[in-house]
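# Architecture and fold: a report
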Number of protein chains: 2
Amino acid sequence: MTDTRRTPSLIALDWGTSAQRAWLLDRAGGILDVRRPDQGLLATTAGIDVRDARARERAYEAAFWSACGDWVTAHPDLPVLACGMVGSAQGWADAGYRTVPADLRFGADALVRVRHRSGVAHLVPGLRVPSAHGAPGDVIRGEEAQVIGALDALGEPTAALTLVLPGTHGKWVRVEEGKVLSFSTAMTGELFGLLTEHGILARTAAEPRRDDAAFARGLRAGRSRGLATELFGARPLALDGLLDPASVPDYVSGVLIADEVAHHLPATDRDRVLLCGAEDLCRRYEQALAAHGVTPTVLTEDVAARGLWQIARWTGLHHDAQEQQWQ
Amino acid sequence: MTDTRRTPSLIALDWGTSAQRAWLLDRAGGILDVRRPDQGLLATTAGIDVRDARARERAYEAAFWSACGDWVTAHPDLPVLACGMVGSAQGWADAGYRTVPADLRFGADALVRVRHRSGVAHLVPGLRVPSAHGAPGDVIRGEEAQVIGALDALGEPTAALTLVLPGTHGKWVRVEEGKVLSFSTAMTGELFGLLTEHGILARTAAEPRRDDAAFARGLRAGRSRGLATELFGARPLALDGLLDPASVPDYVSGVLIADEVAHHLPATDRDRVLLCGAEDLCRRYEQALAAHGVTPTVLTEDVAARGLWQIARWTGLHHDAQEQQWQ
């Protein structure tokens with residue numbers, strides 16, 4: 001009896017703005033191999049005119065082949081499924097958005113197909129909250145796969161819950177009964193990067209080092225004077241000798257995350273908050289949530305791969321997967 | 001009878017982080033000449049080790065001489081007075097801080113003297129709110145001269161008032177009876193620069209153009225979701241075709257300024273708000289204040305020169321100025 005679990009079944013990619021992850025998945029969604037090429041949207045499109053669809057196609061096809069070409073060559077019949085900014089207007093092709101409220105589960109007609117040198121790849125559409133009456137809506141690309149994977153990991157709960165997906169553009173997603181109801185983006189990670197790499201606080205910091213106590217102090221900083229002022233607070237603290245200049249980044253991280261959590265934590269269902277992301281970020285958000293008496297369920301595993309594998313099941317890409325026989 | 005008003009009386013400098021302005025002032029504080037060399041602290045200290053006091057002295061002396069050497073040569077007895085980051089720990093010499101509450105008026109012993117190749121220059125100390133119980137205080141360097149100049153321009157009012165000094169690090173200063181009571185900094189201008197030069201919104205913007213309507217929309221954007229989310233709102237608005245990508249910077253400016261004003265506008269004395277700065281910035285803050293029913297007194301003139309001239313009077317630097325004879 002062969003171990004069907006070790007048989008490759010899907011090439012899955014989470015292809016975002018700055019990062020690209022590629023997984024070779026088996027018939028049960030297990031990870032056989034993983035790669036993290038440094039070929040996000042920005043690197044892939046560097047030096048080309050992003051308005052030129054042909055130039056984009058060539059650039060993405062080359063980046064895809066560089067990441068996964070040997071997998072495709074070894075397993076030519078394997079389906080390829082990708083989520084993230086690869087499906088944006090600056091991506092391989094524009095995979096569009098589904099509008100919330102939206103079922104997490106969707107059919108094959110929602111996928112957009114692009115050609116690579118020996119077959120096709122399928123792109124997952126994003127999700128959007130439409131702008132209305134001049135008020136901005138919001139968009140997600142890639143996080144929808146994380147949401148699907150996280151809910152699958154928890155046994156597909158149906159009660160209303162909040163998923164927190166921290167990152168460059170952190171997402172707060174409300175889900176109930178298999179539907180995404182709404183979501184918001186906080187550009188907390190981007191602000192952190194800009195402030196600590198390019199700003200006056202970067203000059204203060206000099207040689208950053210990890211300082212959990214400084215992070216906790218940032219968490220406790222006030223919010224009454226507004227984010228633009230509380231962030232600046234790191235500077236007088238350092239000038240007054242009350243904050244090690246090397247700890248400025250962790251203080252800034254605390255100020256930003258506390259502000260994000262205070263604004264986004266819903267008033268209801270606080271016992272059903274799911275936190276999902278890299279271990280260090282989850283630890284930080286756990287601390288910030290604890291200040292509100294909230295203990296989230298934490299998933300530090302890579303749930304995007306699990307979500308993509310589920311999407312492949314739903315959309316029939318696993319034509320030969322044993323799971324299909326059960327449906 | 002000679003026109004004493006045309007006799008040079010003071011070389012005054014407002015020497016900040018990114019800019020340097022130098023004025024040749026007459027005996028009544030009138031501006032005979034003005035220069036804006038591109039030699040702020042960052043440019044002056046580029047390539048030297050700022051911890052090396054000797055290297056800093058040489059760099060600042062050279063930058064000073066390049067800006068004002070011909071004035072000093074033509075008028076060798078003229079006093080030189082400078083405020084701003086030139087008096088910081090990364091400056092020509094550390095002129096220290098006076099702690100609030102602090103009289104605006106101070107004596108010659110508060111000035112720090114540095115040598116240049118044919119005399120001395122006097123550096124104005126900054127102002128500080130000390131950090132206390134782990135909560136950040138705040139610091140000002142250079143704005144104290146603007147406050148002095150602005151109050152002088154208004155005939156030295158004694159009632160409590162709020163001065164708004166927008167900029168890279170905008171200041172909100174509370175003054176009463178010739179004393180600075182307190183102040184706060186909002187790094188609104190810095191955040192604007194970081195977001196629109198380096199961030200994802202810079203990619204959205206492409207070719208920015210001025211758009212007053214987009215600014216007004218940014219002013220009206222909500223604040224309930226927090227600054228990190230409202231700023232991101234520019235992106236879905238642009239993706240939804242509801243905001244011209246070229247107008248993203250003005251929208252972001254509106255979001256930032258509205259948030260700053262909402263957090264800093266005092267609950268009392270709203271009929272005594274003084275707004276002082278560059279014309280375009282003042283126009284923006286006027287609009288933001290109008291949303292709170294506040295009509296500020298606006299001073300777009302260069303009040304730092306007037307403030308430095310006043311400091312020179314108080315500290316006796318105008319040893320030959322006719323104003324001294326009146327005291």
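Residues numbered from 1 in each chain as written. Chains lettered and ligands numbered in written order. Predicted model: local features only at pLDDT ≥ 70, side-chain atom pairs only at ≥ 80, totals over all residues. Heavy atoms only, no water.

As annotated in an unreviewed UniProt entry, chain A carries the name 2-dehydro-3-deoxygalactonokinase and comes from Saccharopolyspora hordei.

## A few points about the sheet that holds strand 3 (residues 31-35) of chain B
Residues and elements named next belong to chain B. Spatially, six strands are ordered 3-2-1-4-8-7 in an open sheet, and the strand pairing comes out mixed. Here the strands that pair on one side only, and so sit at the sheet edges, are strand 3 and strand 7 (112-116). Averaged over neighbouring strand pairs, the angle between their axes works out to 25° when direction is ignored. Pairing geometry for strand 1 (residues 8-15) and strand 4 (residues 80-83), over four bridges, is parallel. In the sheet register, Asp-14 faces strand 4, and the bridge partner there is Cys-83. Contacts between helix 2 (residues 53-74) and the sheet are confined to strand 1, strand 2 (20-26), strand 3, strand 4 and strand 7, with strand 1 contributing the most and set at about 150° to the helix. (Pairing = 2+ DSSP bridges. Helix = DSSP H or I, 4+ residues; strand = E, 2+ residues; numbered from the N terminus. Axes fitted to C-alpha atoms, helices over the stretch in contact; angles between N-to-C directions. Contact = heavy atoms within 4.5 Å.)

## Remarks on the domain arrangement of chain A
Residue and element names in this part refer to chain A. For chain A, the assigned domains are domain 1 (8-155 + 302-315) and domain 2 (186-299). Distance from the C-alpha centre of domain 1 to the C-alpha centre of domain 2: 30 Å. Both faces considered, domain 1 and domain 2 share a buried interface measuring about 340 Å² in area, 92% of it formed by carbon and sulfur atoms. Area buried by domain 1 at its contact with domain 2 is led by Ala-150, Leu-154 and Val-303, which between them contribute 75% of it. At the surface where domain 1 touches domain 2, the tally comes to zero salt bridges. The element best represented in the side of domain 1 that touches domain 2 is helix 3 (residues 143-153), accounting for three residues. When its residues are assigned to classes, the side of domain 1 that touches domain 2 shows five nonpolar, no polar and no charged. (Domains from an automatic or database assignment. Buried area = accessible area lost by both parts, 1.4 Å probe. Salt bridge = Lys/Arg side-chain N within 4 Å of Asp/Glu carboxyl O. Nonpolar A, V, L, I, M, F, W, Y, C, P; charged D, E, K, R; others polar.)

## Points about unusual backbone geometry
All names here are of chain A. Residue Val-100 is joined to Pro-101 through a cis peptide bond whose omega torsion reads -5°. Here Pro-101 lies in the loop between strand 5 (97-99) and strand 6 (102-103). Backbone geometry places Glu-177, a non-glycine residue, at a positive phi of 50°. Relative to the helices and strands, Glu-177 resides in the loop between strand 12 (170-176) and strand 13 (179-186).

## Quick notes on the sheet that holds strand 6 of chain A
Residue and element names in this part refer to chain A. With respect to topology, six strands assemble into an open sheet ordered 6-13-12-11-14-15, the strand pairing being mixed. Looking at strand neighbours, the two that pair on one side only are strand 6 and strand 15 (297-299), the edges of this open sheet. Bridge count for strand 11 (residues 161-165) against strand 12 is five bridges, and the pairing is antiparallel. Within strand 12, the residue paired with Val-164 across the bridge is Trp-172. Set on the sheet, helix 10 (residues 279-290) makes contact with strand 11, strand 12, strand 14 (273-276) and strand 15; between it and strand 14 the angle comes to about 155°.

## Considering the environment of Leu242(A)
With respect to the helices, strands and loops of the structure, Leu242(A) is situated in the loop between helix 8 (234-239) and helix 9 (248-264). Leu242(A) sits in the partly exposed class, given a relative accessible area of 38%. If sequence neighbours within four positions are ignored, Leu242(A) has contacts with Arg217(A), Leu237(A) and Ser131(B). (Buried < 20%, exposed > 50% of the residue type's maximum accessible area, 1.4 Å probe, protein only.)

## Topic: the relation of the copies chain B and chain A
Take chain B, turn it by 180°, move it 0.0 Å along the axis, and it overlays chain A with an RMSD of 0.0 Å. When the rotation and shift are considered jointly, the pair of chain copies conforms to a two-fold rotation axis. Relative to the rotation axis, the closest C-alpha in chain B is found at Leu194(B), a distance of 3.1 Å. A share of 100% of interface residues in chain B that are also interface residues in chain A marks the association as one of identical surfaces. (Least-squares fit on C-alpha atoms with pLDDT ≥ 70 in both.)

## Some words on the pairing of strand 11 of chain A
Residue and element names in this part refer to chain A. Taking burial as the measure, the five residues of strand 11 include five buried ones, the bulk of the element. The alternating pattern of strand 11 places Leu-161, Leu-163 and Leu-165 and Thr-162 and Val-164 on opposite faces, both of which are buried. Remark: four residues form the turn of the hairpin made by strand 11 and strand 12, two consecutive strands paired antiparallel. With three bridges joining them, strand 11 and strand 14 adopt parallel strand pairing.

## Quick word on helix 9 of chain A
An ideal rise of 1.5 Å per residue puts 24 Å on 17 residues; helix 9 of chain A measures up with 24 Å between its terminal C-alpha atoms. For helix 9 of chain A, the tally of buried residues reaches 15 of 17 residues, placing the bulk of the element in the interior. (Expected span 1.5 Å × (residues − 1).)

## Considering the interface of chain B and chain A
Listed as interface residues are 54 residues of chain B and, on the opposing side, 54 residues of chain A. At the boundary of chain B with chain A, total buried surface from both sides reaches about 4000 Å², with 62% on carbon and sulfur atoms. Taken as a group, Met187(B), Arg203(B) and Phe232(B) account for 15% of the area that chain B buries against chain A, more than any other trio of residues on that side. Where chain B touches chain A, the interface holds two salt bridges. The salt bridge partner of Asp240(A) is Arg128(B), with a shortest N-O separation of 3.1 Å. Inspection of the chain B/chain A interface yields 12 residue pairs in polar contact (both at pLDDT 80 or more). (Polar contact = N/O pair within 3.5 Å; in protein donor to acceptor, adjacent residues only side chain to side chain.)

## Thoughts on the side chain of His122(B)
Along the chain, the position of His122(B) falls in strand 8 (residues 119-123). Excluding residues that lie within four positions of it along the chain, His122(B) makes contacts with Val80(B), Leu81(B), Ala82(B), Leu111(B), Val112(B), Arg113(B) and Leu317(B).

## A word on the pairing of strand 7 of chain B
Residues and elements named next belong to chain B. Taken together, the five bridges between strand 7 and strand 8 define a ladder with antiparallel strand orientation. Bridging from a neighbouring strand, Arg-115 pairs with Val-120 of strand 8. Adjacent in sequence and paired antiparallel, strand 7 and strand 8 are bridged by two residues.

## Quick look at the packing of helix 3 of chain A against helix 11 (residues 303-314) of chain A
Residues and elements named next belong to chain A. With their axes 7 Å apart at the nearest point, helix 3 and helix 11 run at an angle of 90° to one another. Judged by the inter-axis angle, helix 3 sits roughly perpendicular to helix 11. Taking contact as the criterion, the partners of Ala-145, Gln-146, Ile-148, Gly-149, Ala-150, Asp-152 and Ala-153 in helix 3 are, on helix 11, Val-303, Ala-304, Arg-306, Gly-307, Leu-308, Gln-310, Ile-311 and Trp-314. Looking at side-chain class alone, the contact of helix 3 with helix 11 contains nine nonpolar, four polar and two charged residues. (Parallel < 35°, antiparallel > 145°, perpendicular 65-115°, else oblique.)

## What about the side chain of His169(A)?
Relative to the elements of secondary structure, His169(A) occurs in the loop between strand 11 and strand 12. For His169(A), a relative accessible area of 18% gives the class buried. Among the polar contacts made by the side chain of His169(A), one reaches the side chain of Glu190(A) at a distance of 2.6 Å. Residue contacts for His169(A): discarding those within four places in its chain leaves Glu143(A), Thr185(A), Ala186(A), Met187(A), Glu190(A), Ile200(B) and Phe232(B).

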